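# Observations on the model geometry
Chain by chain, the residues run as shown.
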Amino acid sequence: MTAYDELAEQYAVMLPDLRAESALELAMLSTFAAAAGQPDLGPVAELGCGTGRVMSHLRSLGLGMIGMDLSRGMVSVGRRAYPGAHFALGSIAALPFAGGHLGGILAWYSTIHTPAPDLQHVFHEFARALAPGAPLLVGFHVGDENQPRKVTYPNGVSLTVYDLDPATARSLAVGAGLTVRAELMRAPEGKKTRPRACLLATKSARRV
């Protein structure tokens, strides 16, 4: 993704760690880490990992992580910042993982450039790649999904962003065969002028 290639260096400076996340969001990430850290579930992937700031946090919680992003620039900066981490190039619409391979998927604001009608396929890809019992955590901006908006960064790079209704996110997860475990709404706060949300779901475990 050319825009993020141009933005990568600046992005790493703007968001070097998790100080932008609220205590509630950090709690959701910890809950996800506990669910994904169950024995024998497999590696955990952050899809749309950017420069690796959230993946680094999850690694500090003991998860074996794979970071995947569509932007070569973001991956390059991430590899430099976190030389011990595993980064790969790939798209959330065509995951390079076998069915049932992943012990968890984090999509932390990485679906925001995908129009709502295309998210059904993306959520089915998430479900396909997850191992039985493995969790999915998705973070997104809340708003009218039929009204895309432009976000422009200080260097002039402009990106189209799609908001999502929490009810739509829930429907997408259930439609992909996942069980919703928790939902969080974060009201606008500080420099964050729009509400945000995250959804935690799991893939059903195999019956014995």
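That block above? That's the structure.
This structure is a prediction, so every number in the text was calculated from the model and none was measured. (Residues numbered from 1 in each chain as written. Predicted model: local features only at pLDDT ≥ 70, side-chain atom pairs only at ≥ 80, totals over all residues. Heavy atoms only, no water.)

To continue, consider the overall build of the chain. For the chain, the count of helices and strands is six helices and nine strands. Its C-alpha radius of gyration of 16 Å places the chain within 12% of the 17 Å reference for a compact globule of 208 residues. Its C-alpha atoms give the chain principal-axis dimensions of about 55 × 40 × 30 Å. Sorting the 208 residues of the chain into buried and exposed places 50% on the buried side. In the chain, the proportion of contacts linking residues at least 24 apart, taken out of those at least 6 apart, comes to 67%. With an accessible surface of roughly 9700 Å², the chain has 54% of that area assigned to carbon and sulfur atoms. Of the charged side chains in the chain, 19 are positive and 17 negative; the average position of the first set lies 4 Å away from that of the second. (Helix = DSSP H or I, 4+ residues; strand = E, 2+ residues; numbered from the N terminus. Rg over C-alpha atoms; globule rule 2.2 N^0.38 Å. Buried < 20%, exposed > 50% of the residue type's maximum accessible area, 1.4 Å probe, protein only. Contact = heavy atoms within 4.5 Å. Areas by Shrake-Rupley, 256 points an atom, 1.4 Å probe, with all protein chains shown as cover. Lys, Arg positive; Asp, Glu negative; His and termini not counted. Charge placed at Lys NZ, Arg CZ, Asp CG, Glu CD.)

The next point concerns unusual backbone geometry. In the Ramachandran plot, Asp40 falls in the positive-phi region, its phi being about 70 degrees despite a non-glycine side chain. Looking at where Asp40 falls in the secondary structure, it is placed in the loop between α2 (23-36) and β1 (44-47). For Asp40, a relative accessible area of 83% puts it in the exposed group. Positive phi outside glycine occurs at Tyr109, with the angle close to 60 degrees. Residue position: Tyr109 is located in the loop between β4 (104-108) and α5 (116-129). Judged by its relative accessible area of 13%, Tyr109 falls in the buried class.

This paragraph deals with helix α3 (residues 53-60). For α3, every residue scored as buried is listed here: Arg53, Val54, Met55 and Leu58. Contact partners of the buried residues in α3: α1 (2-14), α2, β1, β2 (65-69), β3 (86-89) and β4. One or two positions beyond α3, positive phi appears at Gly62, with a value near 100 degrees.

This next bit is on the layout of surface pockets. In this model, the largest pocket occupies a volume close to 1200 Å³. Tyr4, Tyr11, Ile112, His141 and Tyr153 are the residues nearest the centre of the largest pocket, which is lined by 42 residues in total. When contributions to the lining of the largest pocket are tallied by element, the ones reaching two or more residues are α1, α3, β2, β6 (149-152) and β7 (158-161). Looking at the lining of the largest pocket residue by residue, the class counts come to 21 nonpolar, twelve polar and nine charged. (1 Å grid on protein atoms, 1.4 Å probe; cavity = no way out; pocket = protein on both sides within 12 Å on 5 of 7 lines; lining within 4 Å. Points joined across faces, edges and corners; volume = space filled by probe spheres on them. Nonpolar A, V, L, I, M, F, W, Y, C, P; charged D, E, K, R; others polar.)

Here we come to the packing of α5 against helix α6 (residues 166-175). Contact geometry of α5 with α6 gives a least axis separation of 9 Å together with a crossing angle of 50 degrees. Of the possible angle classes, the one that applies to α5 and α6 is oblique. Here the hand of the crossing between α5 and α6 comes out right-handed. In this structure, α5 contributes Leu119, Gln120, Phe123 and His124 to the contact, and α6 contributes Ala169, Leu172, Ala173 and Gly175. Considering only residue class, the contact of α5 with α6 consists of five nonpolar, three polar and no charged. (Axes fitted to C-alpha atoms, helices over the stretch in contact; angles between N-to-C directions. Parallel < 35°, antiparallel > 145°, perpendicular 65-115°, else oblique. Left-handed = near helix turned anticlockwise from the far one by under 90°.)

Right, let's get into the packing of aromatic side chains. Inspection of the entire model under this criterion finds two aromatic pairs. Aromatic side chains Trp108 and Tyr109 sit 5.3 Å apart centroid to centroid with 80 degrees between the ring planes, which places their arrangement in the edge-to-face category. Like Tyr109, Trp108 is buried. Relative to Phe126, the ring of Phe123 lies with its centre 5.5 Å away and its plane at 55 degrees, an arrangement referred to as tilted. Here Phe123 and its partner Phe126 are both found in helix α5, three residues apart, which amounts to about one turn of the helix. Among the residues examined, Phe123 registers a relative accessible area of 2% and is labelled buried. Phe126 gets classed as buried once you look at its relative accessible area, which sits at 0%. (Phe/Tyr/Trp six-rings, centres within 6.5 Å; stacked < 30°, edge-to-face > 60°.)

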